[in-house]
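Spelled out, the chains give:
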Amino acid sequence: MNIEGVHHRTVRLDGRTVLLIDQPLLPHQFRIAEMGDHRATAEAIRTMVVRGAGAIGATGACGMAQAALEAPEIGFHDYVSAAANFLRETRPTAQNLFYGINTVLEAIAAQGDHLAAAREAAVAAANAVCDDDAACCEAIGQHGKGLILDGMQVNTHCNAGWLAFVDWGSALSPIYAAHRDGRRVHVWVDETRPRGQGAMLTAFELGQEGVDHSVIADNATGWLMKQGRIQLTIVGSDRIAANGDVANKIGTYSSAVCAKANGVPFYVAAPTTTIDPNCPTGGDIPIEERSGDEVGFTWGWSDDGVFARVRTIPPKGTRCRNPAFDVTPAELIAGIITEKGIVPASREGIASVARR
Ligand code: MRU
């Protein structure tokens, strides 16, 4: 997708360097961060320089390619498997991270002790994970755009656009496709406390693409649904369980409940790399709890041009808690938009599209 008319991918492997759009600086500043080795890449995932399921999956894959390129001849496989563990420990919820790491690990293992071939296979596999992510998201747009009728008002939560993937995005891809087809659409963008991915990233993306939108406080969504001002909700996902339960950014569950109560169709968009067939239900999905400081503090620009961390509302010393994701039960979901088509959020629907 384009920034100021120039096409960018969110994640890219360039030789031994991983290039990432530096997301915490957006929308104030556009910068490409350069990660020189797999440890730096892991740190970028942990600190959310890169975030969003598909983007961290691609970054994990690229980090594994870096590890294969860095690994010494003696102890090559030990080095690579330690790197995989290091990358896995960065964030627990998004299934794509594990998919990306394991895909490259398998490509390396397939070359046995032929180390030059293993390094080459790792780079090829990482690039393939990136290309596949972009292609899946583009296909999600084509499958999902029919849900968006001319003049519709659509709600989304967090950022599941191209910044959260290598390109196109999941929840926003159908919106981009409908908009490019000439349909008028207004997007109600949930701010997404505490990290503000909606206000900072989704609003930035939609603005770059010229899609009409308004940012709202997370707690305004239910009321807008009740007033009939939201006709459709599309969100992304970090992990989909085998029974169709969906983990996504904290606040998604509340929106789904409000959508159900008000007859608003609630769709989830995700590539099939987000499906975890080893999680029987949403209750088995590990939910990340991040530092309470993300609730108690935020970053922003003062009127006199200083970019600073400031305390938000809680009094000094107040304990803040920060569960980063929640699980929406399958019965609240109208359908899951994948690169293979729209399927029911059910055991059968998920099985019909899941990768092996
Ligand atoms: O914590 P983040 O920003 O990495 O959150 C992940 C997400 O981007 C969202 O939960 C999103 O809605 C689904 S993943 C594209």
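No experiment lies behind these values; they were computed from the predicted model shown.

Draft legend 1. Highlighting the overall build of the protein chain. A count of helices and strands for the protein chain gives 11 helices and 18 strands. A compact globule built from 356 residues should have a C-alpha radius of gyration of about 21 Å, and the protein chain, at 20 Å, falls within 12% of that. C-alpha extents for the protein chain along the principal axes are approximately 65 × 55 × 40 Å. In the protein chain, which comprises 356 residues, the share counted as buried stands at 56%. Looking at the protein chain alone, contacts between residues at least 24 apart form 75% of all its contacts between residues at least 6 apart. Accessible area for the protein chain stands at about 14500 Å²; split by element, carbon and sulfur atoms hold 52% of it. Charge-centre separation for the protein chain: the mean point of 31 positive side chains lies 4 Å from the mean point of 40 negative side chains.

Draft legend 2. The arrangement of the sheet that holds strand β9 (residues 232-235) in detail. Strand order in this open sheet of seven strands is β8-β7-β6-β9-β12-β17-β18, and the pairing throughout is mixed. The open sheet has two edge strands with one neighbour each: β8 (212-216) and β18 (341-343). Across the sheet, the axes of successive neighbouring strands diverge by a mean angle of 25°, strand direction being ignored. Relative to β8, strand β7 (residues 185-190) runs parallel, the two sharing five bridges.

Draft legend 3. Broad picture of the site of the ligand. For the ligand, the set of nearby residues contains 17 residues, the closest of which are Arg-51, Arg-91, Asp-238, Asn-248 and Lys-249. Take Arg-51: an N or O atom from its side chain is 2.6 Å from an oxygen atom of the ligand. Contact distances for the ligand include 2.5 Å between an oxygen atom and a side-chain N or O atom of Asp-238. For the ligand, whose free accessible area comes to 400 Å², the fraction covered by protein is 99%.

Draft legend 4. Summary view of the domain arrangement of the protein chain. Along its sequence, the protein chain is organised into domain 1 (2-139) and domain 2 (140-353). With centres defined by C-alpha atoms, the gap from domain 1 to domain 2 works out at 24 Å. Each partner contributes residues to the interface: domain 1 has 39 residues there, and domain 2 has 41 residues. By the criterion of area lost to domain 2, the three top residues of domain 1 are Thr-93, Gln-95 and Cys-137, representing 19% of everything that side buries. If you look at where domain 1 meets domain 2, you find one salt bridge. As a salt-bridge pair, Arg-91 and Glu-288 come within 2.8 Å of each other at their nearest N and O atoms. Along the contact surface separating domain 1 from domain 2 lie 31 residue pairs in polar contact (both at pLDDT 80 or more). Secondary-structure elements contributing two or more residues to the side of domain 1 that touches domain 2 are β1 (2-3), α2 (53-70), α4 (95-109) and α5 (115-144).

Draft legend 5. Representation of the layout of surface pockets. What the largest pocket holds in volume is close to 670 Å³. Listing elements by their share of the lining of the largest pocket, those giving two or more residues are α7 (197-209), α10 (293-296), β14 (297-301) and β15 (307-311). Across the lining of the largest pocket, the residue classes tally to 10 nonpolar, nine polar and seven charged. Both domains that furnish three or more residues to the lining of the largest pocket are identified here as domain 1 (2-139) and domain 2 (140-353). Within this model, the second largest pocket holds a volume of roughly 400 Å³. What lines the second largest pocket is a set of 16 residues, and nearest its centre among them are Gln-95, Tyr-99, Pro-277, Arg-355 and Arg-356.

Draft legend 6. Region of the structure containing empty space enclosed by the protein. Overall, the coordinates contain three cavities of 30 Å³ or more when judged by the stated rule. Estimates place the volume of the largest cavity at around 180 Å³. Lining the largest cavity are 22 residues, with Arg-51, Gly-52, Ala-53, Asp-238 and Phe-325 sitting closest to its centre. The set of elements that each furnish at least two residues to the lining of the largest cavity consists of α2 and β11 (246-249).

Calculation notes
Residues numbered from 1 in each chain as written. Predicted model: local features only at pLDDT ≥ 70, side-chain atom pairs only at ≥ 80, totals over all residues. Heavy atoms only, no water. Helix = DSSP H or I, 4+ residues; strand = E, 2+ residues; numbered from the N terminus. Rg over C-alpha atoms; globule rule 2.2 N^0.38 Å. Buried < 20%, exposed > 50% of the residue type's maximum accessible area, 1.4 Å probe, protein only. Contact = heavy atoms within 4.5 Å. Areas by Shrake-Rupley, 256 points an atom, 1.4 Å probe, with all protein chains shown as cover. Lys, Arg positive; Asp, Glu negative; His and termini not counted. Charge placed at Lys NZ, Arg CZ, Asp CG, Glu CD. Pairing = 2+ DSSP bridges. Axes fitted to C-alpha atoms, helices over the stretch in contact; angles between N-to-C directions. Near = heavy atom within 4 Å. Polar contact = N/O pair within 3.5 Å; in protein donor to acceptor, adjacent residues only side chain to side chain. Domains from an automatic or database assignment. Buried area = accessible area lost by both parts, 1.4 Å probe. Salt bridge = Lys/Arg side-chain N within 4 Å of Asp/Glu carboxyl O. 1 Å grid on protein atoms, 1.4 Å probe; cavity = no way out; pocket = protein on both sides within 12 Å on 5 of 7 lines; lining within 4 Å. Points joined across faces, edges and corners; volume = space filled by probe spheres on them. Nonpolar A, V, L, I, M, F, W, Y, C, P; charged D, E, K, R; others polar.

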